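# Summary of structural features
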There are 2 protein chains.
Amino acid sequence: MSASDAIVHVPLGERAYDIRIGHGLIERAGELIGAATPGAACAIVTDENLARTHLPALERSLEAAGIRHAQVVCPPGEATKCYRWFETVCDAIIGARMERGDVVVALGGGVIGDLAGFAAAVVRRGMRFVQIPTSLLAQVDSSVGGKTGINSPHGKNLVGAFHQPSLVLADVGVLDTLPEREFRAGYAEVAKYGLIDDPAFFAWLEENHRGVFAGGPERAHAIQTSCAAKAAVVVRDETEQGDRALLNLGHTFAHAFERLTHYDGARLVHGEAVAIGLVCAFRFSAALGLCSGQDAGRVEGHLRTVGLPTRIRGIPGWDGDAAAILDAMFQDKKVKRGALTFILARGIGQSFISRGVEPSSVREFLDAELARA
Amino acid sequence: MSASDAIVHVPLGERAYDIRIGHGLIERAGELIGAATPGAACAIVTDENLARTHLPALERSLEAAGIRHAQVVCPPGEATKCYRWFETVCDAIIGARMERGDVVVALGGGVIGDLAGFAAAVVRRGMRFVQIPTSLLAQVDSSVGGKTGINSPHGKNLVGAFHQPSLVLADVGVLDTLPEREFRAGYAEVAKYGLIDDPAFFAWLEENHRGVFAGGPERAHAIQTSCAAKAAVVVRDETEQGDRALLNLGHTFAHAFERLTHYDGARLVHGEAVAIGLVCAFRFSAALGLCSGQDAGRVEGHLRTVGLPTRIRGIPGWDGDAAAILDAMFQDKKVKRGALTFILARGIGQSFISRGVEPSSVREFLDAELARA
């Protein structure tokens, strides 16, 4: 175990676990998983891309540690988060004779993590779960907090479970091989943590984003800060009854954009939708007189600087109007008894939950936003 | 609310709930559900048989209470506990615009309860859940304790969740319309509670079984005693880490018999398999010198008296040998790291968990049992 790893502890009582952040963690996964779950076998869930790149190293590491393992390889992409692959993954885990105390290991990005985590939550009514997130988005967001699930034809993540991992291994070296667009999309979630309640972190990002993108020590620092920020919220509100909703800053907008572009990653990936959603959340807050126009401008400016999209009209092939966006929001699972819940802000790092936002004021804002040059 | 209803409270902290046992509860479901989950809409999951018999009364009752409701009707039978119907039920609930605080109502036997409960556990990562069990088996067993799930091609109940209901309405009048074979099968689980740890209840059943079958006050008493017994075990061990395994008395055998008869209800229904399994558990205990042959004989005698099957060779079309039964047991989800766990007994009402039972001794017992005239 390397002394240079950073560890974020998530103190959830008997479901407490560690997020380990460092280099070469996949090569050390066997000993680390063996220490966290002694005697357990591993069912690895991964996708075709990772099966070629990082799966062999993970398998070698498990073999060296004497851990029995099996794997199921899924197609890459959001379409894999469906009932059919849920069934295939569950049956593959069962077919490999994995028992309740054994471990499902997710090697992949958010899609694999969500799908494998849901399978771990329900196979034999709950197996152990280890995440090895291989995208920036998965390392700072989807691998922390225990949300798992698949998509329904009615919308994203509508079927799933809260299931905490036993261990998360965030191997920052893996990110060097990511396509730049995917890394950049994940950066939107990193910036989000500053915008929620940590203005100093946002200011640090404004100064240090080049290092984060270049892969220096700034990258590990940004990942550690993000994981710690998310973990702190999750500990306060594990099953999203209250405060956890803050993590949805920008997401009510983002989910609507994703739905209206039919989850077509060629046009818009999740992190890009979040970037536009963050800008919308701040501009909407400014339009409501809650936050200064300067702060909204700073948010948009920084995201544009790192190359993220910030305007609805900038989405390739966009043709939705305000009514379509509003309709997509109403189908979102965060809708509570017909009223719309938004995360709004009084400034950078000063977000809050606003329940019962009037659909008419959202519509007015969207009309203006879509008319913006 | 009728003064004559019996209530078994299940004190699971913030997941505490009541099991109400009485007559005419379906007609009063609207007010009872409305009181337990104010303001919530209801998605009823039921089967084609109940859609004809009791669904109209339930709908009238919800309408009278001003509760918005929708329904999804499944085919009757064990085959419905599959991935395909899980998907259909989840999407129907979501399509009816049910939100997190709304309620999934299971109107049916164990199949509907397990399927609907699993959907309730995972739609929007957890909705509320009300059970209206319509078979004796469901009233005394599957509706108490929060186990939900579906079958995999690899075995029964291998995919599911622990999800406690908000309320259980056990309408004993509904049982009057059950086929006698189905009622009798449920009785095996009633007898099981006496055999686990309540010898006085088993003796009471030996005296009063005619009243239980005839539908007198003895029936409600037997249901209440059974629910209270199961609830007490569940409270001690909600997620089956230890004591809850006692509820599997007879079930390691029973599941193997069901698997080897391909879950063909025409040959063997679950309760019948449990009856044979209970006899096996006591005869195996006697063969190991743990319990007296007299006690094993009393178990077999009472179950035969009420018309339940007690011998493996009595299963229609039975052709399995000891090796096949053992192999089926090893695929059971209660298998722990290769060792077999059995619930054995030192006498009636003196059951205990025995881990690491030698497969060779099980095989020897089964060989002798199958050779029995």
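Conventions adopted
- Residues numbered from 1 in each chain as written.
- Chains lettered and ligands numbered in written order.
- Predicted model: local features only at pLDDT ≥ 70, side-chain atom pairs only at ≥ 80, totals over all residues.
- Heavy atoms only, no water.
- Helix = DSSP H or I, 4+ residues; strand = E, 2+ residues; numbered from the N terminus.
- Expected span 1.5 Å × (residues − 1).
- Buried < 20%, exposed > 50% of the residue type's maximum accessible area, 1.4 Å probe, protein only.
- Core = buried A, V, L, I, M, F, W, Y, C linked by side-chain atoms within 4.5 Å.
- Domains from an automatic or database assignment.
- Contact = heavy atoms within 4.5 Å.
- Pairing = 2+ DSSP bridges.
- Axes fitted to C-alpha atoms, helices over the stretch in contact; angles between N-to-C directions.
- Least-squares fit on C-alpha atoms with pLDDT ≥ 70 in both.
- Parallel < 35°, antiparallel > 145°, perpendicular 65-115°, else oblique.
- Left-handed = near helix turned anticlockwise from the far one by under 90°.
- UniProt positions renumbered as here; feature names shortened; annotations may be inferred.
- Salt bridge = Lys/Arg side-chain N within 4 Å of Asp/Glu carboxyl O.
- Buried area = accessible area lost by both parts, 1.4 Å probe.
- Polar contact = N/O pair within 3.5 Å; in protein donor to acceptor, adjacent residues only side chain to side chain.

Right, let's talk about helix H5 (residues 110-122) of chain B for a bit. Residue and element names in this part refer to chain B. Compared with the 18 Å implied by 1.5 Å per residue over 13 residues, the 18 Å span of H5 between its first and last C-alpha is a close match. Taken across its 13 residues, H5 has 13 buried, putting it largely inside the fold. Two residues or fewer past H5, arginine 124 is found with a positive phi of approximately 55°.

Grouped together as the largest cluster of nonpolar side chains are 79 residues, with contacts concentrated most on Phe257 and Ile312 of chain A. Take this core: its biggest share by element is 10 residues, from helix H11 (residues 270-287) of chain A. The residues that make up this core include at least three from each of domain 1 (6-177) and domain 2 (182-371) of chain A. The residues touching isoleucine 312 of chain A, leaving out its near neighbours within four places in the chain, are Phe257, Ile276, Cys280, Trp318, Ile325, Leu366, Glu369 and Leu370 of chain A. Counting residues in each nonpolar core, the second largest holds 78 residues, with Ala188, Ala191, Leu205 and Ile276 of chain B among its members.

With that out of the way, let us pick up the sheet that holds strand E4 (residues 69-74) of chain A. Residues and elements named next belong to chain A. Taken together, 7 strands build an open sheet; the order of strands is E1-E2-E9-E6-E5-E3-E4 and the sheet is mixed. Both outer strands of the open sheet, strand E1 (6-10) and E4, are each paired with one neighbouring strand and no more. Neighbouring strand axes in the sheet, compared pairwise and without regard to direction, differ in orientation by 15° on average. As judged from the 6 bridges shared by strand E5 (residues 103-108) and strand E6 (residues 128-133), these two strands associate in the parallel manner. Bridging across to E6, leucine 107 finds its partner in isoleucine 132. Here helix H1 (residues 29-36) sits on the sheet in contact with strand E2 (17-22), strand E3 (42-47), E5, E6 and strand E9 (167-171), set at roughly 160° to E9. Set on the sheet, helix H9 (residues 217-236) makes contact with E1 and E2; between it and E1 the angle comes to about 10°.

Residue and element names in this part refer to chain B. Judged by pairing direction, the sheet is mixed, and its 7 strands sit side by side in the order E1-E2-E9-E6-E5-E3-E4 without closing on themselves. Across the chains shown, the open sheet's two edge strands, defined by having one partner strand only, are strand E1 (6-10) and strand E4 (69-74). The mean inter-strand angle of the sheet, taken between neighbouring strand axes irrespective of direction, is 15°. Of the strands in this sheet, strand E2 (17-22), strand E3 (42-47), strand E5 (103-108), strand E6 (128-133) and strand E9 (167-171) are in contact with helix H1 (residues 29-36), which crosses E9 at around 160°.

You can overlay chain A on chain B at an RMSD of 0.0 Å; the transform is a turn of 180° with a shift of 0.0 Å along its axis. Here the transformation between the copies is reduced to the relation of a two-fold axis. Residue tyrosine 83 of chain A of chain A places its C-alpha closer to the rotation axis than any other residue of that unit, at 4.0 Å. A shared interface surface links the copies, since 98% of the contact residues of chain A are contact residues in chain B too.

As a further point, take the packing of helix H4 (residues 83-95) of chain A against helix H4 (residues 83-95) of chain B. The packing of two helices is summarised by the inter-axis angle and the distance between the axes. Running from N to C, H4 of chain A and H4 of chain B cross one another at 140°; their axes reach a closest spacing of 11 Å. Considering their axes alone, H4 of chain A and H4 of chain B lie oblique with respect to each other. Crossing angle aside, the handedness with which H4 of chain A passes H4 of chain B is right-handed. Along the contact surface, H4 of chain A presents Tyr83, Arg84, Phe86, Glu87, Cys90 and Asp91 of chain A, while H4 of chain B presents Tyr83, Arg84, Phe86, Glu87, Cys90 and Asp91 of chain B.

The next point concerns the UniProt feature "binding site: Zn(2+)" (unreviewed entry) in chain A. Residue and element names in this part refer to chain A. Within the UniProt annotation, "binding site: Zn(2+)" (unreviewed entry) is assigned to Glu189, His251 and His270. Across 82 residues, the annotated set stays spatially compact, with a maximum C-alpha separation of 10.2 Å. For histidine 251, a relative accessible area of 6% gives the class buried. Assignment of secondary structure puts histidine 270 in helix H11.

Below, the discussion takes up the pattern of salt bridges. Residue and element names in this part refer to chain A. Enumeration over the complete set of coordinates arrives at 38 salt bridges over all chains. Note that aspartate 114 and lysine 81 form a salt bridge whose closest N and O atoms lie 2.8 Å from each other. Taken as a pair, aspartate 114 in helix H5 (residues 110-122) and lysine 81 in the loop between E4 and H4 lie far apart in primary sequence, 33 residues in all. In terms of burial, aspartate 114 and lysine 81 fall into one category: buried. By sharing partners, the salt bridges in this structure join Arg283, Glu300, Arg304, Arg311, Glu369 and Arg372 into a single network.

The subject of this paragraph is the domain arrangement of chain A. All names here are of chain A. One can read the domain layout of chain A as domain 1 (6-177) and domain 2 (182-371). On the domain 1 side of the interface with domain 2, the three residues burying the most area are Leu136, Val140 and Lys156, jointly 23% of the side's total. Run the count over domain 1 and domain 2 and you get 3 salt bridges. Between aspartate 176 and arginine 219 there is a salt bridge, with its nearest N and O atoms 3.1 Å apart. Here domain 1 and domain 2 share 6 residue pairs in polar contact (both at pLDDT 80 or more) between them. Looking at the side of domain 1 that touches domain 2, the elements with two or more residues in it are E1, E2, helix H6 (136-142) and strand E8 (155-162). Here the element with the most residues in the side of domain 1 that touches domain 2 is H6; it accounts for 6 residues.

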